[in-house]
Amino acid sequence: MSAQPTLSSGNRTTKTQIRFHNTMSGQTEPFVPLVAGEVRSYTCGPTVYDFAHIGNFRTFVFQDILRRYLKSKGFRVIQVMNLTDVDDRIIQKSAAAGVSIREYTEKYIQAYMDDRRALNLEPPEYIARATEHIDDMVALIQRLTAKGFTYTSEGSTYYRIAKFPGYGKLSKIDVAGMQTGARVDMDRYDKDNARDFALWKAPKPGEHFWETPIGPGRPGWHIECAAMALKYLGDTLDIHSGGVDLTFPHHENEIAESEAATGKTFVRYWLHAEHLLVDHEKMSKSVGNFATLRELFSHGHKPSSIRFLLASVPYRRQLNFTPESLQGAASSVERMRNFVSRLRAEKFPEGSSPAIADRAAKAKEEFDRGLADDLNTAQALAAVFDLVRDANTAMDRGEFRRGDAAPVLEVMETFDAIFAVLHDDDAEKLKALGISASGPTLSDAEVDALVAERQAARKRRDFAASDRIRDQLAERGVILEDSRDGGVRWKRK
Ligand SMILES: [Zn+2]
């Protein structure tokens with residue numbers, strides 16, 4: 001039996017069918033989990049050889065939106081995320097630094113966890129470190145060996161892709177005519193190098209290794225995720241997600257490993273997030289447009305603006321990350337926060353208007369419809385912004401009543417259960433990261449606009465909003481001087 005989440009709003013009830021785009025079928029399909037009411041989900045976490053960059057966080061924010069959305073629809077979500085704390089790059093870098101793998105990766109794991117908190121990413125139910133699951137990986141390799149899917153060469157164990165007929169089904173790679181027995185030892189390679197890949201790698205001189213029943217060595221990257229996913233989630237998962245660049249070889253190899261071992265479908269829905277572009281170029285170290293969250297924070301960008309920007313573009317669309325789009329996100333968040341504070345603080349006339357309640361119900365429905373459609377966050381956001389605009393207009397005209405605040409606030413809460421940007425704790429978060437929260441300098445026109453907004457707030461006696469704007473300006477080095485006649489002057493610190 002499938003779960004049929006129901007959305008009730010006022011007197012209308014609509015059933016929203018959740019649909020996700022499945023990379024395996026290439027289709028957008030109704031989402032029905034294996035066990036009603038429960039979603040078992042695996043997330044490829046970071047390889048902790050460096051600070052995660054904003055492109056990585058695009059995927060992590062998408063995965064957070066996914067889990068929050070499923071939870072909001074009443075599903076119990078069991079999410080596993082791995083931390084790849086051993087791979088080619090980590091081995092090289094820790095050796096170069098002359099420290100153990102554990103010591104080398106600890107700092108980046110810590111930083112990654114701090115960054116997640118700054119972006120309001122909910123913790124998955126299980127966070128699994130590769131180096132703490134070596135036994136599980138060895139056991140899985142032994143299962144594959146028992147079924148004839150492996151061979152060894154010079155102390156390493158390889159997966160024989162010719163033995164697995166489904167190889168290539170996710171990435172649609174054509175393996176016909178591939179040379180049998182050709183091998184690849186690297187953890188990361190491209191489609192042109194599709195070969196038998198290493199499950200277990202014999203140690204090179206001076207390298208860290210584990211002594212195991214299949215010999216000394218260390219695991220290949222792909223066996224990590226397969227072993228940990230099977231351990232915590234069982235043979236068949238509902239959702240496996242990651243960045244689109246993981247489709248091949250990583251996810252293709254995970255399928256080959258797990259399905260060969262269990263004889264069952266590994267994953268029912270494969271969800272992949274598109275690339276993040278920086279000024280229209282693919283993010284990479286070689287292009288020099290590599291940005292960590294910390295770099296952005298120390299340039300005055302707020303965690304909430306970054307989260308909002310990353311969440312606002314539907315995950316299967318490329319996202320172009322620019323300073324302008326980040327500024328736009330910051331003012332969107334500000335607009336919503338000011339709106340909620342107006343809803344809470346302003347004294348509206350008694351009564352209620354059915355038109356507003358109806359407007360709120362419609363916004364909630366559209367918000368939900370957007371997310372149900374393969375997490376179309378842009379559509380969901382448009383519904384909320386339309387409501388904000390209409391409610392503000394009604395307030396300005398004196399048509400908004402005291403009883404109207406509750407249904408509108410409810411929509412804002414529904415929105416924030418997924419987007420998580422309304423709570424104004426950016427400064428605290430930056431402080432926790434040891435970064436001082438001085439934003440980029442505002443232009444005179446921007447200051448004038450904020451001052452006018454504050455004056456309007458004071459006029460309608462919304463002192464919470466007026467104080468917030470004053471604080472916002474103070475954070476950016478602008479001081480206000482209120483005069484007796486109700487006017488205001490500003491100056492820079
Ligand atoms: Zn993975």
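## With respect to the overall build of the chain
Counting secondary structure elements, the chain contains 15 helices and 19 strands. Along the three orthogonal principal directions, the C-alpha set of the chain runs to about 85 × 55 × 35 Å. Considering the chain as a whole, with its 493 residues, one finds that 55% of them fall into the buried category. In the chain, 75% of the contacts between residues at least 6 apart in sequence involve partners at least 24 apart.

## Considering the packing of aromatic side chains
In this structure the tally under the stated criterion is 20 aromatic pairs. Ring plane angle 75° and centroid distance 5.6 Å describe the contact between phenylalanine 57 and phenylalanine 60, whose orientation is recorded as edge-to-face. Here phenylalanine 57 and its partner phenylalanine 60 are both found in helix H1 (residues 54-72), three residues apart, which amounts to about one turn of the helix. For phenylalanine 57, a relative accessible area of 0% puts it in the buried group. On the numbers, 5.2 Å between centres and 10° between planes, the contact of tyrosine 159 with phenylalanine 197 is stacked. Within this pair, whereas tyrosine 159 is found in strand S9 (residues 156-159), its partner phenylalanine 197 is found in strand S11 (residues 196-201), the two being separated by 38 residues in sequence. Take tyrosine 159 and phenylalanine 197: they sit in the same class, and that class is buried. Each residue in the set Phe20, Phe31, Phe75 and Tyr269 is aromatic and connected to the rest through ring pairs, giving one cluster. Above the plane of the ring of tyrosine 49 lies arginine 89, whose end atom (NZ or CZ) is 4.0 Å from the centre.

## Focus: the coordination of the zinc ion
All of the protein donors around the zinc ion are Cys44 (SG), Cys225 (SG) and His250 (NE2); their distances to the metal are 2.1 to 2.2 Å. The sequence pattern describing where the donors of the zinc ion fall on their chain is C-x180-C-x24-H. Here histidine 250 lies in helix H6 (residues 247-262) and cysteine 44 lies in the loop between strand S5 (38-43) and H1, a separation of 206 residues in the sequence. Neither residue differs from the other here; cysteine 44 and histidine 250 are each classed as buried.

## Considering the pairing of strand S14 (residues 267-273)
For S14, a buried count of six out of seven residues is recorded, marking the element as mostly surrounded by other parts of the structure. One ladder, built from six bridges, connects strand S13 (residues 237-243) with S14; its direction is parallel. Counterpart to leucine 237 in the pairing with S14 is valine 267. Tracing the backbone out of S13, into H6 and back to the parallel element S14 gives a crossover that is right-handed.

## Description of helix H14 (residues 444-459)
Side chains that are three or four residues apart share a direction in an α-helix, a result of its 3.6 residues per turn. Helix length check: H14, at 16 residues, gives a terminal C-alpha distance of 22 Å against a target of 22 Å (1.5 Å per residue), a fit within 8%. Buried within H14 we find Val447, Leu450, Val451, Arg454 and Ala457. An end-on view of H14 places all buried positions within 115° of arc, on one side of the element. Among the exposed residues of H14, those pointing more than 90 degrees away from its buried face are Ala445 and Lys459. Along its buried surface, H14 packs onto helix H15 (463-475), strand S18 (478-482) and strand S19 (488-492).

## Things to note about helix H3 (residues 101-118)
Compared with an ideal rise of 1.5 Å per residue, which puts 18 residues at 26 Å, H3 spans 26 Å between its outermost C-alpha atoms and is within 8% of the ideal. Among the residues of H3, those classed as buried are Ile101, Tyr104, Thr105, Tyr108, Ile109, Ala111, Tyr112, Met113, Asp115, Arg116 and Ala118. Trailing H3 by a residue or two, asparagine 120 shows a phi angle of about 60°, which is positive.

## Notes on the sheet that holds S13
What the five strands build is an open sheet, ordered S7-S6-S5-S13-S14; its pairing is parallel. Sheet topology places strand S7 (126-129) and S14 at the edges, where each strand pairs with a single neighbour. Taking the axes of each pair of neighbouring strands and ignoring which way they run, one obtains an average angle of 20° across the sheet. Alignment of S5 against S13, held across three bridges, turns out to be parallel.

## Quick look at the confidence of the model for the chain
With 94% of its residues at a pLDDT of 70 or more, the chain has an overall mean of 91. Low pLDDT, under 50, characterises residues 1-14; the predicted model gives this stretch 28 contacts beyond four residues in sequence or across chains.

## Observations regarding the nonpolar core
As a rule of thumb, nonpolar side chains are buried together in soluble globular proteins. Ranked by size, the top nonpolar core spans 134 residues in total, and within it Tyr159, Phe321, Phe400, Met412 and Phe415 carry the most contacts. A total of 10 residues in this core trace back to one element, the largest contributor, which is helix H11 (residues 377-396). Among residues more than four places away in sequence, those in contact with tyrosine 159 are Leu144, Phe149, Phe164, Asp196, Phe197, Leu199, Ala256, Glu257 and Ala260. Counting eight residues, the second largest nonpolar core, distinct from the first, contains Val447, Val451, Ile469 and Leu473.

## Considerations on the sheet that holds strand S15 (residues 276-278)
The mixed open sheet is built from three strands, whose spatial order is S16-S15-S17. Pairing within the sheet leaves two strands with one partner each, and these edge strands are strand S16 (281-282) and strand S17 (319-321). Sheet analysis places S15 next to S17, joined by three bridges and oriented parallel. Among the inter-strand pairings, valine 278 is bridged to a residue of S17, identified as phenylalanine 321.

## Some thoughts on the pattern of salt bridges
Tallying each qualifying case throughout the model produces 47 salt bridges. For arginine 307, the salt bridge goes to aspartate 64, with nearest N and O atoms at 2.8 Å. With arginine 307 in helix H8 (residues 303-312) and aspartate 64 in helix H1, this pair connects stretches of sequence that are 243 residues apart. Aspartate 64 matches arginine 307 in its accessibility class, with the two residues each being buried. Glutamate 207 is the partner of arginine 218 in a salt bridge, and the nearest nitrogen-oxygen pair spans 3.6 Å. A residue pair is termed long-range when its members are at least 10 positions apart, and arginine 218 in strand S12 (residues 218-219) and glutamate 207 in the loop between S11 and S12 qualify at 11 residues. Like arginine 218, the residue glutamate 207 is buried in the burial classification. Residues participating in the shared-partner salt-bridge network are Asp64, Arg67, Arg68, Lys71, Glu122, Glu125 and Arg307.

Criteria and cut-off values
Residues numbered from 1 in each chain as written. Predicted model: local features only at pLDDT ≥ 70, side-chain atom pairs only at ≥ 80, totals over all residues. Heavy atoms only, no water. Helix = DSSP H or I, 4+ residues; strand = E, 2+ residues; numbered from the N terminus. Buried < 20%, exposed > 50% of the residue type's maximum accessible area, 1.4 Å probe, protein only. Contact = heavy atoms within 4.5 Å. Phe/Tyr/Trp six-rings, centres within 6.5 Å; stacked < 30°, edge-to-face > 60°. Lys NZ or Arg CZ within 6 Å of the ring centre and 35° of its normal. Donors = N, O, S within 2.8 Å, 3.2 Å for Na, K, Ca; no water. Pairing = 2+ DSSP bridges. Right-handed = clockwise from strand over helix to strand, strands pointing away. Expected span 1.5 Å × (residues − 1). Arc of directions from axis to C-beta. Axes fitted to C-alpha atoms, helices over the stretch in contact; angles between N-to-C directions. pLDDT = per-residue confidence, 0-100. Core = buried A, V, L, I, M, F, W, Y, C linked by side-chain atoms within 4.5 Å. Salt bridge = Lys/Arg side-chain N within 4 Å of Asp/Glu carboxyl O.

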